Amino acid sequence: MKIALEITPNLEPLFGTRDENLRLMEDSLGVRIDLRSDAVHVQGQEDGVARVRRIFEDFEALRRQGIHPHNGELNGMLRLVVADATTTLRSVAEAGRQRSAGIKRAVQPRSLNQRRYVEAIEQNDMVFGVGPAGTGKTYLAVAMAVAAINAKRISRIVLVRPAVEAGERLGFLPGTLQEKIDPYLRPLYDALFDMLDIEKVDRMIERNIIEVAPLAFMRGRTLNDAFIILDEAQNTTTEQMKMFLTRLGNNSKAVITGDITQIDLPNPRKSGLVEAINILDGVEGVAFSHFEEADVVRHPLVQRIVRAYESNRPQQQELPLEGAIAVDVPSLEKRAEAQSKAVKPQ
């Protein structure tokens, strides 16, 4: 089948940088796309050609509504559309707009696993996001928390991190208690400032609507009507993880994020995140989202770096620690693969 699509004004952003979006459609949908002076010629199987036509029509409709996603965001949206035949560009844009109410930047998943992660947060009270650096685990969780408080579904956000030195000794830090712990919590502040104006974040922190605190401050508390995020959870001990998970109060939601390949504990085999994944598997109300190198949304080089470390990982894991809890990383990877096959996109 072969069709010609009219080149309408301002259609060029759909092509992407160096036509990367057109190449994505060609590779994923099995079609051939040729740019001509008068039209875009699409040739291939009927189903693939029809989906390309729908993408062009949806992009034009979004443009008329005043929606102009930037190239990185548009590429992520297209990746979702070509991966799932039931997903359209307009439905992806509409879902992102609903989640982005009151937020400076659109909350838009850029991969299938990211979309499952966001949907899991919407549907469950406790979600574990596990995967390599740069996959949007913390960023999307903070975005969902901000969207929830703007929609008045919760009354406060609690952002938590274990204060663990990552390979270097920081020594004595001068200043107040808040100034001492700020270096550990800075990534959470960065995500907040990306969602909201700095002045609004400062006001919400002053009024305790947003609380950013080290994990040690959570002991003995019950967190009601809150959206709680535990970042860098791979650096929690077994006791800390159990303590945190039992802080959940009424009308609260918890998101736990971490990367089991970047454990900075003295004994990596006693990571509370790894044990929690094994213990809580199958518990009602708890969902697990596993990310892969393909979900990395930072600089393209980051994806290649993650891939290189992953290929070298087996040699790094052959150092047993006496008396430690066994970490069955291969079983986690198999579980992630099974989840990917079992979970059908909505």
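As the structure is a computational prediction, the values presented were derived from the model and not from experiment.

What counts and how
Residues numbered from 1 in each chain as written. Predicted model: local features only at pLDDT ≥ 70, side-chain atom pairs only at ≥ 80, totals over all residues. Heavy atoms only, no water. Helix = DSSP H or I, 4+ residues; strand = E, 2+ residues; numbered from the N terminus. Buried < 20%, exposed > 50% of the residue type's maximum accessible area, 1.4 Å probe, protein only. Contact = heavy atoms within 4.5 Å. Pairing = 2+ DSSP bridges. Axes fitted to C-alpha atoms, helices over the stretch in contact; angles between N-to-C directions. Salt bridge = Lys/Arg side-chain N within 4 Å of Asp/Glu carboxyl O. Phe/Tyr/Trp six-rings, centres within 6.5 Å; stacked < 30°, edge-to-face > 60°. Patch = residues over 30% accessible without salt bridge, like charges linked within 9 Å, V, L, I, M, F, W, Y side chains within 5 Å. Areas by Shrake-Rupley, 256 points an atom, 1.4 Å probe, with all protein chains shown as cover. Lys, Arg positive; Asp, Glu negative; His and termini not counted. Charge placed at Lys NZ, Arg CZ, Asp CG, Glu CD.

## As for the side chain of Ser252
Along the polypeptide, Ser252 turns up in the loop between helix 9 (238-245) and strand 8 (253-258). You can call Ser252 buried: its relative accessible area is 7%. Every residue in contact with Ser252, bar those within four places of it in the chain, is listed here: Asp125, Leu223, Asn224, Asp225, Ala226 and Ile228.

## Considering the sheet that holds strand 7 (residues 226-230)
Pairing in this open sheet of 6 strands is parallel, and the strands run 6-5-7-8-4-9 from one edge to the other. The open sheet has two edge strands, strand 6 (210-214) and strand 9 (286-290), and neither has a second partner. Strand-to-strand twist across the sheet, computed as the mean angle between neighbouring axes with direction ignored, equals 15 degrees. Across 5 bridges, the pairing between strand 5 (residues 156-161) and strand 7 is parallel. Among the inter-strand pairings, Val158 is bridged to a residue of strand 7, identified as Ile228.

## Quick word on the pattern of salt bridges
Counted under the stated rule, the structure contains 11 salt bridges. The salt bridge involving Arg63 is made with Glu60; its shortest N-O contact spans 2.7 Å. Within this pair, Arg63 and its partner Glu60 are both found in helix 2 (residues 46-64), separated by 3 residues, close to a single helical turn. Glu211 is paired through a salt bridge with Arg221; the nearest N and O atoms lie 2.7 Å apart. With Glu211 in strand 6 and Arg221 in the loop between strand 6 and strand 7, this residue pair connects regions lying 10 residues apart in the sequence. Its relative accessible area of 22% is what places Arg221 among the partly exposed residues. Shared partners join several salt bridges into a network, and the residues in it are Arg54, Asp58 and Arg90.

## What about the packing of aromatic side chains?
One pair of aromatic rings is described through two measures. These are the centre distance and the angle between the planes. Applying the stated criterion to the full structure yields 3 aromatic pairs. The interplanar angle of 20 degrees and the centroid separation of 5.1 Å between the aromatic rings of Phe128 and Phe288 together place this pair among those described as stacked. Placement of Phe128 in strand 4 (residues 126-130) and of Phe288 in strand 9 is noted, with a sequence separation of 160 residues between them. This pair shows no difference in class: Phe128 is buried, exactly as Phe288 is. Relative to Phe193, the ring of Tyr189 lies with its centre 6.3 Å away and its plane at 25 degrees, an arrangement referred to as stacked.

## Focus: the pairing of strand 7
The side chains of a regular strand alternate, first on one face of the sheet and then on the other. Counting buried positions over the 5 residues of strand 7 gives 5, a clear majority of the element. Taking every second residue as pointing to the same face, both faces of strand 7 are buried, with Ala226, Ile228 and Leu230 on one and Phe227 and Ile229 on the other. In this structure, strand 7 lies alongside strand 8, joined through 4 bridges in parallel fashion. Paired with Leu230 across the bridge in strand 8 is Ile256.

## Here's the deal with the sheet that holds strand 2 (residues 31-35)
Strand order in the open sheet formed by 3 strands is 1-3-2, with antiparallel pairing between adjacent strands. Strands with a single pairing partner mark the edges of an open sheet, and in this sheet they are strand 1 (2-6) and strand 2. Strand-to-strand, the axes of this sheet are offset by a mean angle of 20 degrees, without reference to chain direction. Note that strand 2 and strand 3 (residues 39-44) share 5 bridges and pair antiparallel. Following the sheet pairing, Asp34 is matched in strand 3 by His41.

## So, unusual backbone geometry
Of note in the backbone geometry, Asn10 takes a positive phi value of approximately 65 degrees without being a glycine. Tracing the sequence through the fold places Asn10 in the loop between strand 1 and helix 1 (20-29). Judged by its relative accessible area of 48%, Asn10 falls in the partly exposed class. One non-glycine residue with positive phi stands out, namely Glu232, at about 55 degrees.

## Concerning a positive patch on the surface
Together, Lys152, Lys200, Arg203 and Arg207 line one region of the surface with positive charge. For Lys200, the position within the fold is in helix 8 (residues 198-206).

## Some words on a nonpolar patch on the surface
Together, Leu301, Ile305 and Tyr309 make up a nonpolar patch on the protein surface, roughly 310 Å² of accessible area in all. With respect to the element layout, Ile305 can be found in helix 11 (residues 300-316).

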